[in-house]
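# Coordinate inspection notes
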Amino acid sequence: MHVLLRQLNRVRRDARLPRGRPASLAVRHVDAGSCNGCEHELQAAASPFYDLQRFGIGIVASPRHADILLVTGPVTTRMREALLAAYAAMPEPRLVAALGDCAMGCNVLGDPAALAEPLEELLPVAVRIPGCPPTPDAIAEGLLGALDGGLPRVA
Ligand code: SF4
């Protein structure tokens, strides 16, 4: 929890500077072929215990409402087109985050014959959250980093 407390202090500090900081981050999650371990930790990060909504981070159902595409798992051939379609549907500015070692192309999981290109070759990944799976703390830290610096600042 110490990571979250440190981030909360930073959010409180930034609250004194309302101009220039995005107020929220809408996250669209796509499972591109995960074992569900990363989803389990993402679910924990979004739970009331970690309470990411307190920081303005929320998971949305449609890519049309999303600021950031959060991808888990290696990209399978069956999910490749759906992943690209989700990215294409997002309004700009938009970010892509790789959640977990599989999404970062570490070859943890999957039959090579069933895998498409690594995520990094398909989309412009700006946020990387390593781990197999990453802890809820690491997920929170990665998303808060994207909220703080990943999107163009508003005037
Ligand atoms: S990084 Fe680990 S937990 Fe996440 S999808 Fe890959 S094998 Fe599963």
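Here the structure is a predicted model, which is why all the values come from computation and not from measurement.

### Here's the deal with the pairing of strand β4 (residues 95–99)
With 5 of 5 residues buried, β4 is to be regarded as a mostly interior element. Because side chains alternate across β4, one face comprises the buried residues Leu 95, Ala 97 and Leu 99, and the other comprises Val 96 and Ala 98, equally buried. The pairing of strand β3 (residues 68–72) with β4 spans 5 bridges and is parallel. Residue pairing in the sheet places Thr 72 in a bridge with Leu 99 of β4. Running through helix α3 (residues 77–89), the crossover from β3 to the neighbouring parallel element β4 is right-handed. As paired strands, β4 and strand β5 (residues 125–129) are joined by 4 bridges and run parallel to one another. By the bridge assignment, Ala 98 is partnered in β5 with Arg 128.

### Considerations on the pairing of β3
Within β3, 5 of the 5 residues are buried, which leaves the element mostly enclosed by the surrounding structure. Residues Ile 68, Leu 70 and Thr 72 line one face of β3 and the alternating positions Leu 69 and Val 71 line the opposite face, and both faces are buried. Two strands pair when backbone bridges link them, and strand β1 (residues 25–31) and β3 are joined in this way by 5 bridges, in the parallel orientation. Looking across to β3, one finds that Val 30 is bridged to Val 71.

### Concerning the environment of Glu 141
By secondary structure assignment, the location of Glu 141 is in helix α5 (residues 136–149). Its relative accessible area of 33% is what places Glu 141 among the partly exposed residues. Separated by 12 residues in sequence, Glu 141 and Ile 129 place their C-alpha atoms 8.6 Å apart.

### What about the nonpolar core?
One finds Ile 57, Ile 68 and Leu 143 to be the most contacted residues of the largest nonpolar core, which totals 20 residues. The set of elements that each furnish at least two residues to this core consists of β1, α2 (37–45), β3, β4, β5 and α5. The element that contributes the greatest number of residues to this core is α5, accounting for 6 residues. The contacts of Leu 143, once residues within four sequence positions are left out, are Leu 25, Val 27, Leu 52, Ile 57, Ile 68, Leu 70 and Ile 129.

Cut-offs applied
Residues numbered from 1 in each chain as written. Predicted model: local features only at pLDDT ≥ 70, side-chain atom pairs only at ≥ 80, totals over all residues. Heavy atoms only, no water. Buried < 20%, exposed > 50% of the residue type's maximum accessible area, 1.4 Å probe, protein only. Helix = DSSP H or I, 4+ residues; strand = E, 2+ residues; numbered from the N terminus. Pairing = 2+ DSSP bridges. Right-handed = clockwise from strand over helix to strand, strands pointing away. Core = buried A, V, L, I, M, F, W, Y, C linked by side-chain atoms within 4.5 Å. Contact = heavy atoms within 4.5 Å.

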